[in-house]
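Summary of structural features
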Amino acid sequence: KEKAAALEQLGAQLGYPDWMERHAKTLTNTKGREKEGVELAIAAAKKGQLSAWYYPAQAYQLGKGVQKDLRYAMECCEKGLADPDSIGCANIAGEMYFEGKDGIPQDRARAVQLFEQAHRNGNNWGNDMLGLCYLFGYGCQQDPARARMLFEEANYSSNRKSYGLGLIYADGMGVPEDIAKGVALLQKAGNYPPAQEALLRFKKTIFGKWVRR
């Protein structure tokens, strides 16, 4: 590992864009050196390593080692998206358009396009947000079946995923209605406001069965 780290650093020092990006990734994940990593990633990106735009985009989106700036994060994403196989920038930009805050306009249709791009390239990081778009028809044709597939395909837990699956089962959207299973999933979403609001539509009887209010 020590030799690999030394070679990575050497490649970056020699100015090879792909090695600059690799070293930038290491630095952005090293406490106290995040800003150095962001600067190296930008230098790599300007040399044509378009995927390197992901690191400054993420840093400025989260305020990781730099002052949070969603507008600049989006600028970095748009430059990275010049690569049609972009995954990282597609996901970050997709999330910002999905949420729409801090100067970034909400654009669910664009979010769908970006998450679908990442999905086509084998990544399911944005499946919970993409699933909600298909579940409610945000920026796309409503398709609960595809929403369920996206939620179940996601190999991670999230409040959005639990909320979406909870509604699907509680309301029988493309599946047999199962209020108990739906409520359990909505409860799994924790303090996610939409899930908390959805739970108000159900109550438990004295016999312990979940029913609609």
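Scroll up to find the structure.
To start, this report covers the structure provided alongside it. Just so you know, these numbers come straight off a predicted model, no measurement behind them. (Residues numbered from 1 in each chain as written. Predicted model: local features only at pLDDT ≥ 70, side-chain atom pairs only at ≥ 80, totals over all residues. Heavy atoms only, no water.)

Tallied over the entire structure, the rule returns 10 salt bridges. The partner of Glu-116 in a salt bridge is Arg-146, with the nearest N and O atoms 2.9 Å apart. With Glu-116 in helix 7 (residues 108–120) and Arg-146 in helix 9 (residues 144–153), this residue pair connects regions lying 30 residues apart in the sequence. Look at Glu-116 and you get buried, because its relative accessible area is 13%. Because the salt bridges share partners, they merge into one network encompassing Glu-99, Lys-101, Asp-128 and Arg-160. (Salt bridge = Lys/Arg side-chain N within 4 Å of Asp/Glu carboxyl O. Helix = DSSP H or I, 4+ residues; strand = E, 2+ residues; numbered from the N terminus. Buried < 20%, exposed > 50% of the residue type's maximum accessible area, 1.4 Å probe, protein only.)

A few words on the packing of helix 3 (residues 34–46) against helix 4 (residues 54–62). In the contact formed by helix 3 and helix 4, the axes pass within 8 Å of each other and the chain directions differ by 140°. Overall, the two elements helix 3 and helix 4 adopt an arrangement that is oblique. Between helix 3 and helix 4 lies a crossing of left-handed hand. Residues Val-38, Ala-41 and Ile-42 of helix 3 form the contact with helix 4, whose participating residues are Tyr-55, Pro-56, Ala-59 and Tyr-60. Of the residues that constitute the contact of helix 3 with helix 4, the class distribution is seven nonpolar, no polar and no charged. (Axes fitted to C-alpha atoms, helices over the stretch in contact; angles between N-to-C directions. Parallel < 35°, antiparallel > 145°, perpendicular 65-115°, else oblique. Left-handed = near helix turned anticlockwise from the far one by under 90°. Contact = heavy atoms within 4.5 Å. Nonpolar A, V, L, I, M, F, W, Y, C, P; charged D, E, K, R; others polar.)

Inspection of the secondary structure puts Lys-64 in the loop between helix 4 and helix 5 (70–80). Looking at Lys-64, the relative accessible area reads 26%, which means it is partly exposed. Measuring from C-alpha to C-alpha, the distance between Lys-64 and Ala-5 comes to 23 Å, with 59 residues separating the pair along the chain. At 3.2 Å, the side chain of Lys-64 and the side chain of Asn-29 are in polar contact. (Polar contact = N/O pair within 3.5 Å; in protein donor to acceptor, adjacent residues only side chain to side chain.)

Before going further, it helps to examine the state of the cysteines. Counted by the stated rule, this structure contains zero disulfides. In this structure Cys-76 is not part of a disulfide, and its nearest cysteine sulfur, from Cys-77, lies 7.1 Å away. With no disulfide partner, Cys-140 has as its closest neighbouring cysteine sulfur the one in Cys-133, 5.6 Å distant. (Disulfide = S-S within 2.5 Å.)

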